[in-house]
Amino acid sequence: MKSGPISFEKLNCVGHMIPEFGIGNILPPFMGSDAVGAQLPRSPYVATAVGLVERFCTSPARATILRGFLAFRAALRDLGFTDGFQWIDGSFVEDCESDRGRPPNDIDVVSLLVRPVEVREEAAWGAFINENLAAIFTSATNKQNFHCDSYFVDLDIEAREVAEQGAYWFGLFSHQRDTFRWKGLVQIELVSDDEAAQTLINEREQGW
């Protein structure tokens, strides 16, 4: 007899661990030998901001990208976003240096966010998006200002649409562009230990 649904937290129970690179110098999509087993952590690997810095702040170029990413997160919180999480993907969570002979250019981010309480209604939300479109909701601007190739999923839309959009972005970014190889992503809550992550970046830079 099959057991009931396994919680997301149980699947990622091994200390919020981001695994080492696997075949193809990418994060493995799951750990262990069974893609649906209860004992494994699997993508998206749940981490903290400090965990992301510990794992991927390995060069001055990556430190610059991470500073931009943390600033992007701060800008979202300053706009009133407090509930939601982000998927971190792209070449930033690959061994880009070994595979392509260069550091990553940016960090790919899909932000899945609940609207701020004061703009939850449709009219207020539309006005809020228009007011902040150029500053925070445009990928080209975010690349320039924050080194983030950014995309958004509004968690206040209909559940079916959330599922469809989430499936689209997860399916797209969980496969390598050139090889179509299945790979892992990292997930971080929007409210995390960002201040400690900034401190850790400073400490890493002093050692280079």
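Owing to the predicted nature of the structure, the values given are computational and were not obtained by experimental measurement.

K.L.:
What is the right way to look at the pairing of strand S2 (residues 84-89) in this model?
P.N.:
For a regular strand, side-chain orientation follows a simple rule: the groups alternate between the two sheet faces. Counted residue by residue, S2 has six buried out of six residues, so it is predominantly covered. Side-chain alternation along S2 places Gly-84, Gln-86 and Ile-88 on one buried face and Phe-85, Trp-87 and Asp-89 on a second face that is also buried. Here six bridges tie S2 to strand S3 (residues 107-113), and the two strands are oriented antiparallel to one another. Note that in S3 the partner of Ile-88 across the bridge is Val-109. Pairing geometry for S2 and strand S5 (residues 186-189), over four bridges, is antiparallel. Bridge pairing in S5 places Gln-86 opposite Ile-188.

K.L.:
What is the right way to read the packing of aromatic side chains from this model?
P.N.:
Within a pair of aromatic rings, the relevant descriptors are the distance that separates the centres and the angle that separates the planes. Scanning all chains against the criterion turns up 17 aromatic pairs. Seen in terms of ring centroids, Phe-81 and Phe-137 are 6.3 Å apart; in terms of plane orientation they differ by 80°. Their pairing is edge-to-face. With Phe-81 in the loop between helix H3 (60-78) and S2 and Phe-137 in the loop between helix H5 (122-136) and helix H6 (139-146), the pair connects residues that are 56 residues apart, well separated along the chain. Given a relative accessible area of 16%, Phe-137 falls into the buried group. Judged by centre distance (5.6 Å) and plane angle (20°), the ring pair of Trp-125 and Phe-128 falls under stacked. Pair noted here: Trp-125 and Phe-128 are both in helix H5, with a separation of three residues, about one helical turn. Taking the relative accessible area as the measure of exposure, Phe-128 reaches 9% and is therefore buried. Linked through ring pairs, Phe-72, Phe-81, Trp-125, Phe-128, Phe-137, Phe-146 and Phe-152 together constitute an aromatic cluster.

K.L.:
What should I look at first to understand the environment of Asp-154 in this one?
P.N.:
Among the structural elements, Asp-154 can be located in strand S4 (residues 148-154). On the accessibility criterion, Asp-154 (13% relative accessible area) is buried. Note: C-alpha distance between Asp-154 and Gln-165 (11 residues apart in sequence) is 9.1 Å. A polar atom in the side chain of Asp-154 sits 3.5 Å from the side chain of Trp-125.

K.L.:
Is there a simple way to explain the sheet that holds S3 in this structure?
P.N.:
Strands pair in a sheet through their backbones, by hydrogen bonds, and they do so in one of two ways: parallel or antiparallel. Read across the open sheet, the five strands follow the order S1-S5-S2-S3-S4; overall the sheet is mixed. Strand pairing shows two members of the sheet lacking a second neighbour, strand S1 (45-47) and S4, which therefore form its edges. Geometrically, the sheet is characterised by an average inter-axis angle of 25° between neighbouring strands, direction not taken into account. With respect to the sheet, helix H7 (residues 159-173) is in contact with S2, S3 and S4, its orientation differing from that of S4 by roughly 155°.

The rules behind the values
Residues numbered from 1 in each chain as written. Predicted model: local features only at pLDDT ≥ 70, side-chain atom pairs only at ≥ 80, totals over all residues. Heavy atoms only, no water. Buried < 20%, exposed > 50% of the residue type's maximum accessible area, 1.4 Å probe, protein only. Helix = DSSP H or I, 4+ residues; strand = E, 2+ residues; numbered from the N terminus. Pairing = 2+ DSSP bridges. Phe/Tyr/Trp six-rings, centres within 6.5 Å; stacked < 30°, edge-to-face > 60°. Polar contact = N/O pair within 3.5 Å; in protein donor to acceptor, adjacent residues only side chain to side chain. Axes fitted to C-alpha atoms, helices over the stretch in contact; angles between N-to-C directions. Contact = heavy atoms within 4.5 Å.

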